[in-house]
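In case you want the letters, here they are:
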Amino acid sequence: MSEILLDGADFYAILRKKVLTAGSKSEAARDLGINVQTFSSMFHADRSPSRKLLDALGLERVERYRVKAKA
């Protein structure tokens, strides 16, 4: 199976879809087992996604690096 990498826009699209499906941010947070205020902060990108949220969404954080272009 090939690796699927998501960018920030993809991640927040998943969150928005969860909220739409649940009916509200509060319900989405409850469904995911996340504190409502914490979820709201992550939803608005005021806070980085927690491991608990990523686990609930079936995601994991990875870092990538690339070689700088020569000037």
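Novice: How do you make sense of the packing of aromatic side chains when you look at a structure like this?
Specialist: The description of two aromatic rings rests on the distance between their centres and on the angle between their planes. Here the structure, examined in full by the defined rule, presents 2 aromatic pairs. Relative to Tyr12, the ring of Phe11 lies with its centre 4.9 Å away and its plane at 80°, an arrangement referred to as edge-to-face.

Novice: What should I look at first to understand unusual backbone geometry in this one?
Specialist: Note: most peptide bonds trans; most residues except glycine with negative phi. In this model, Ala45 sits at a positive phi of 60°, which is unusual for a non-glycine residue. One can find Ala45 in the loop between helix 3 (36-43) and helix 4 (51-57).

Novice: Quick question: what am I supposed to make of helix 2 (residues 25-32) here?
Specialist: An α-helical segment advances 3.6 residues per turn. Residues three or four places apart therefore align on the same side. For helix 2, every residue scored as buried is listed here: Ala28, Ala29 and Leu32. Buried residues of helix 2, viewed axially, fall in a sector of 100°; they line one side. Seen from the open side of helix 2, the exposed residues pointing more than 90 degrees away from its buried face are Arg30 and Asp31. The inward-facing, buried residues of helix 2 contact helix 1 (8-22), helix 3 and helix 4. Positive phi shows up at Gly33, right after helix 2, with a value of about 75°.

What counts as what
- Residues numbered from 1 in each chain as written.
- Predicted model: local features only at pLDDT ≥ 70, side-chain atom pairs only at ≥ 80, totals over all residues.
- Heavy atoms only, no water.
- Phe/Tyr/Trp six-rings, centres within 6.5 Å; stacked < 30°, edge-to-face > 60°.
- Helix = DSSP H or I, 4+ residues; strand = E, 2+ residues; numbered from the N terminus.
- Buried < 20%, exposed > 50% of the residue type's maximum accessible area, 1.4 Å probe, protein only.
- Arc of directions from axis to C-beta.
- Contact = heavy atoms within 4.5 Å.

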